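# Notes for the structure review
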Amino acid sequence: MASPSEKTSKKAVLAVAALTTFMSPFMISAVNIALPAIQAEFAVDAVMLGWLANAYLLASGVALVPVGKFADIRGRRKILVEGILLFTVSTVATAFVPSIFWIIVLRIFQGVGAAITMTTAFAIVSAVFPPSERGKAIGITVSSVYLGLSLGPFAGGLLTGAFGWRSIFLINAPIGAAALILAALKIREEWADAAGERLDVAGSLLYGASLICLMYGLSVLPALLGIGLLAGGGAGMALFVRHELRTAYPVFEVRLFSRNRTFAYSSLAALINYAATFAAAFLLSLYLQYIKGLSPEGAGTILICQPAVMALFSPAAGRLSDRIEPSVIASTGMGLTAAGLAALAFLTPETGIPYIVVSLVVLGIGFALFSSPNMNAIMGSVDRRHYGIAAGTVSTMRLIGQMLSMTLATLAFSFFIGNAQIAPPVYPQLLKSVTLCFAAFSVLCAIGIYFSLARGALHGRVR
């Protein structure tokens, strides 16, 4: 009997993966541009603006691990279709809400939907394409992520300027509908390599509660509540690891970290890289619009440089990682990323736009060289029955990294600006927050080069 990968059209799978992985980053980057407009309508402070991103990221982080395992059990195609539907409906609904509270609530649902689509899309691509072609396919899928990041600021700026910030959420309707129809009609095979296993509900709840404590605790430091939540979250994670080692059907195969050096170090490198880069667009959006006085359209046009370069170089980086050790390519990318971040740590009110554009281009090339080869290393280092878990893990590392990145930005705002709304009197404090974050991100990325280099060899393995 032919395997799913022999029956299923690779082109159809790649098209669905490209659409689904486009939607989430498009919304993230478009919303970043709309933050000043949202602040103006609801009169919220800088910390609350940060929670528009944090709520999404936290929900995604909590959902990713159990979703990956559940998809391995129930079927990745079924879960993918349901995730597209959830993400699309909750995104469109955001355009009609009357308060910041309901925006944050729907951002939580969007985060869960994004967790489902990102995890299952990469797992299905890894199942369909053989190891000799996997890097190229992952490169194209990752490129669609960056295409979403590229178009988001530009489209978000145009839409916000012409029709208001709510139009950003409405534009997702046709994209989501196209992905849903294509997935339902063109992908007819199912992948359930862990069928018959039980979902570890206790482990899922323990993981989710611990992650919430850790992430929320970080966001309210240095308050005593933050310290207590961090302690509770750390203890919860220790209990989670102990539980996973003892249960028959773990929601996350913890032993992958202890027995698989390539998987462990690649995952850690992903965590560090995303922690060092995600808040860059958020910070630059505020810098360009408040400090430089640019319009949403102008800021979006400049911010498009980084993800556009990512989209351009990611497929080539993925193909290259099919022939050259991913650790070499990814480590080079990590070094370039650190250099781009370091350049942005020297921003001043007088910094020229060409300087910012060049820094973003260097950052984009570095991230493209890192991301596709790193994802190829992770998916190529595990067995087929762990594809869902592996895809969920790397997505979890990405989103925890993104959450840490936004948490650092929020902490800087809390320390330098406090609860004041962003206005000319606090512009010097805003600039200090931005440059401090970029300096910290550059150091963090430099540390990540070690783990990227130390992961070991991938080529020669057969998966």
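Residues numbered from 1 in each chain as written. Predicted model: local features only at pLDDT ≥ 70, side-chain atom pairs only at ≥ 80, totals over all residues. Heavy atoms only, no water.

### Let's talk about the overall build of the chain
Regarding its fold elements, the chain presents 19 helices and zero strands. Relative to the 2.2 N^0.38 estimate, which gives 23 Å for 463 residues, the radius of gyration of the chain is 21 Å and therefore close to what a compact globule would have. With 463 residues in all, the chain has 59% of them scored as buried. Contacts in the chain between residues at least 24 apart in sequence constitute 85% of all its contacts with a sequence separation of at least 6. Total accessible area computed for the chain in this model is approximately 16,700 Å², and 71% of it derives from carbon and sulfur atoms. Taken together, the 30 basic and 18 acidic charged side chains of the chain have centroids lying 3 Å from each other. (Helix = DSSP H or I, 4+ residues; strand = E, 2+ residues; numbered from the N terminus. Rg over C-alpha atoms; globule rule 2.2 N^0.38 Å. Buried < 20%, exposed > 50% of the residue type's maximum accessible area, 1.4 Å probe, protein only. Contact = heavy atoms within 4.5 Å. Areas by Shrake-Rupley, 256 points an atom, 1.4 Å probe, with all protein chains shown as cover. Lys, Arg positive; Asp, Glu negative; His and termini not counted. Charge placed at Lys NZ, Arg CZ, Asp CG, Glu CD.)

### Things to note about the packing of helix H2 (residues 10–42) against helix H5 (residues 100–128)
In the contact formed by H2 and H5, the axes pass within 9 Å of each other and the chain directions differ by 160°. With respect to H5, the element H2 is oriented roughly antiparallel. H5 is crossed by H2, and the crossing has left-handed handedness. Contact with H2, carried on its side by Lys10, Val13, Ala17, Thr20, Thr21, Ser24, Val31, Ile38 and Phe42, involves Ile100, Ile103, Arg107, Ala114, Thr117, Met118, Ala121, Phe122, Ile124, Val125 and Val128 of H5 and no other residues of that element. (Axes fitted to C-alpha atoms, helices over the stretch in contact; angles between N-to-C directions. Parallel < 35°, antiparallel > 145°, perpendicular 65-115°, else oblique. Left-handed = near helix turned anticlockwise from the far one by under 90°.)

### A look at the pattern of salt bridges
Here the structure, examined in full by the defined rule, presents two salt bridges. In this structure, Arg166 engages Glu41 in a salt bridge whose closest nitrogen and oxygen atoms are separated by 2.9 Å. Linking Arg166 in helix H7 (residues 166–170) with Glu41 in helix H2, this pair joins segments that are 125 residues apart in sequence. Judged by relative accessible area, which is 23%, Arg166 ranks as partly exposed. (Salt bridge = Lys/Arg side-chain N within 4 Å of Asp/Glu carboxyl O.)

### Considering the layout of surface pockets
A volume near 370 Å³ is recorded for the largest pocket. Lining the largest pocket are 16 residues, and of these Tyr207, Met237, Phe252, Phe257 and Met397 lie nearest its centre. Counting only elements with at least two residues in the lining of the largest pocket, the list comes to helix H10 (224–246), helix H12 (261–277) and helix H18 (387–416). Across the lining of the largest pocket, the residue classes tally to 13 nonpolar, three polar and no charged. (1 Å grid on protein atoms, 1.4 Å probe; cavity = no way out; pocket = protein on both sides within 12 Å on 5 of 7 lines; lining within 4 Å. Points joined across faces, edges and corners; volume = space filled by probe spheres on them. Nonpolar A, V, L, I, M, F, W, Y, C, P; charged D, E, K, R; others polar.)

### Re the nonpolar core
One finds Leu283, Leu347 and Phe438 to be the most contacted residues of the largest nonpolar core, which totals 140 residues. Among the elements that make up this core, the one with the highest residue count is H2 (16 residues). Apart from the residues within four sequence positions on either side, Leu347 is in contact with Leu284, Tyr287, Tyr355, Ile356, Leu431, Val434, Thr435 and Phe438. (Core = buried A, V, L, I, M, F, W, Y, C linked by side-chain atoms within 4.5 Å.)

### Quick notes on the environment of Ala235
Along the polypeptide, Ala235 turns up in helix H10. Measuring from C-alpha to C-alpha, the distance between Ala235 and Ile168 comes to 40 Å, with 67 residues separating the pair along the chain.

### Quick notes on the packing of aromatic side chains
Within this structure, the stated rule accounts for 11 aromatic pairs. Judged by centre distance (6.0 Å) and plane angle (50°), the ring pair of Tyr290 and Tyr427 falls under tilted. Residue Tyr290 is located in helix H13 (residues 279–291), and its partner Tyr427 is located in helix H19 (residues 427–453); the two are separated by 137 residues in the primary sequence. Assessed through its relative accessible area of 13%, Tyr290 is described here as buried. Exposure remark for Tyr427: the relative accessible area of 22% places this residue in the partly exposed category. Taken together, Phe42, Trp165 and Phe169 form an aromatic cluster joined through their ring pairs. (Phe/Tyr/Trp six-rings, centres within 6.5 Å; stacked < 30°, edge-to-face > 60°.)

### Let's talk about the confidence of the model for the chain
The predicted model of the chain averages 83 in pLDDT, with 94% of residues at 70 or higher. Taken together, the stretch residues 1–6 has pLDDT below 50 and engages in eight contacts with residues farther than four places along the chain or on a different chain. (pLDDT = per-residue confidence, 0-100.)

### Observations concerning empty space enclosed by the protein
Summary: where empty space remains is shown by rolling a probe the size of a single water molecule over the atoms. Tallied over the full model, the rule gives two cavities of 30 Å³ or more. Counted as a void, the largest cavity has a volume near 580 Å³. Taken together, 38 residues make up the lining of the largest cavity; nearest its centre are Val145, Tyr146, Leu149, Tyr274 and Gln402. Across the lining of the largest cavity, the residue classes tally to 28 nonpolar, nine polar and one charged. For the second largest cavity, the calculated volume is near 30 Å³. If you trace the second largest cavity, you find it lined by Ile28, Val31, Asn32, Leu35, Leu52, Ala53 and Arg107. The set of elements that each furnish at least two residues to the lining of the second largest cavity consists of H2 and helix H3 (46–74). Looking at the lining of the second largest cavity, the element that brings in the most residues is H2, giving four residues. Among the residues forming the lining of the second largest cavity, the class breakdown is five nonpolar, one polar and one charged.

### Section: the environment of Phe42
Inspection of the secondary structure assignment puts Phe42 in helix H2. Of the residues examined, Phe42 reaches a relative accessible area of 18% and is grouped as buried. Taking the C-alpha atoms as reference points, Phe42 and Lys11, separated by 31 residues in sequence, lie 44 Å from one another.

### Details of the environment of Ala115
With respect to the helices, strands and loops of the structure, Ala115 is situated in helix H5. With near-sequence residues (within four places) excluded, Ala115 lies in contact with Ser60, Ala63, Leu64 and Val67.

### Describing a nonpolar patch on the surface
Taken together, Phe70, Leu199, Val201 and Leu205 make up a surface patch of nonpolar side chains, about 350 Å² in accessible area. Looking at where Val201 falls in the secondary structure, it is placed in helix H9 (residues 201–219). (Patch = residues over 30% accessible without salt bridge, like charges linked within 9 Å, V, L, I, M, F, W, Y side chains within 5 Å.)

### What to know about the side chain of Ser60
Mapped onto the fold, Ser60 is located in helix H3. In contact with Ser60, other than residues within four places in its own chain, are Gly111, Val112, Ala114, Ala115 and Leu399.

### Quick notes on the side chain of Ser167
Here Ser167 shows up in helix H7. The buried category is assigned to Ser167, whose relative accessible area is 13%. Within polar-contact distance, the side chain of Ser167 engages the backbone oxygen of Leu159 at 3.3 Å. In this view, Ser167 contacts Leu159 and Thr160; residues no more than four positions away in its chain are not counted. (Polar contact = N/O pair within 3.5 Å; in protein donor to acceptor, adjacent residues only side chain to side chain.)

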